[in-house]
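Commentary on secondary and tertiary structure
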Amino acid sequence: MSVNIDSRVVAPGSDEYVDEAWRLKERINSQEGVLKQRYDFFTDAYRRSTVHCYVQDDELVGFAAVRRDGYILFLAVSTEFRGQGIGKRLVARVADDHESITCHARTSNENALEFYEHLGFDIKRRINGYYEDGGDAYYLKLGSDSGLADRISEFVRR
């Protein structure tokens, strides 16, 4: 990861980086057809979350918005910065605070599913019609029964 990428944490209730996160999410949506949330839903969930961010030269390049129970609401990394370990580091930051991590991923989002599988997430169930547009999701989980911190630490060191 580049030396000039900084990590930041946005506390629940803050609007810091919310517009930048929305624009990043929308860029990914237009490129890949994923992260299809509506603006009001996204901003409300963002403001209720702890958001771990990576920023380069004041540009948001990746973020993970996490509920207090360890559920990742949004995880996004700019396509230009993928493959540099930012996604792994975001999940590792979440793992620092939670015994288990859960999330949903579209069954059609092969990039996300491959990423989560590589980190050791298990698919717990398929939920048909989970998304507002009728798309199906997998519910994924990492942790509590498998030494989460050790598993994530191993991946970050790679």
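Every value quoted in this text rests on a predicted model; they were computed, and no experiment measured them.

Here we look at the overall build of the protein
Looking only at helices and strands, one finds five helices and seven strands in the protein. Tracing the protein from N to C terminus, the helices and strands come up as β-α-α-β-β-β-α-β-α-β-β-α. A burial count over the protein gives 47% of its 158 residues as buried. Partitioning the intrachain contacts of the protein with sequence separation of at least 6 by distance along the chain shows that 63% fall at a separation of at least 24. Accessible surface, the protein: about 8,400 Å² in total, of which carbon and sulfur atoms supply 42%.

Observations concerning the environment of Arg38
Structurally, Arg38 is set in the loop between helix 1 (18-32) and helix 2 (39-47). Since its relative accessible area comes to 44%, Arg38 is described here as partly exposed. Along the sequence, Arg38 and Trp22 sit 16 residues apart, while their C-alpha atoms lie 9.8 Å from each other. With near-sequence residues (within four places) excluded, Arg38 lies in contact with Trp22 and Glu132. At 2.9 Å, the side chain of Arg38 forms a polar contact with the side chain of Glu132.

Quick notes on the sheet that holds strand 2 (residues 50-56)
Backbone-to-backbone hydrogen bonds pair the strands of a sheet. The strands run either parallel or antiparallel. Reading across from one edge, 1-2-3-4-5-7-6 is the order of the seven strands in this open sheet, with mixed pairing throughout. Lying at the two open borders of the sheet, with one neighbouring strand each, are strand 1 (5-10) and strand 6 (122-127). Across the sheet, the mean angle from the axis of one strand to that of its neighbour is 25°, orientation sign disregarded. Two elements, strand 5 (residues 100-106) and strand 7 (residues 137-143), share seven bridges in a ladder whose sense is antiparallel. Opposite Ser100, over in strand 7, you have Gly143 as the bridge partner. In this fold helix 3 (residues 86-97) packs onto strand 1, strand 2, strand 3 (59-66), strand 4 (71-77) and strand 5, with an angle of close to 145° to the strand it touches most, strand 2.

Rules of the game
Residues numbered from 1 in each chain as written. Predicted model: local features only at pLDDT ≥ 70, side-chain atom pairs only at ≥ 80, totals over all residues. Heavy atoms only, no water. Helix = DSSP H or I, 4+ residues; strand = E, 2+ residues; numbered from the N terminus. Buried < 20%, exposed > 50% of the residue type's maximum accessible area, 1.4 Å probe, protein only. Contact = heavy atoms within 4.5 Å. Areas by Shrake-Rupley, 256 points an atom, 1.4 Å probe, with all protein chains shown as cover. Polar contact = N/O pair within 3.5 Å; in protein donor to acceptor, adjacent residues only side chain to side chain. Pairing = 2+ DSSP bridges. Axes fitted to C-alpha atoms, helices over the stretch in contact; angles between N-to-C directions.

Interpretation in functional terms is not warranted from these geometric data alone.
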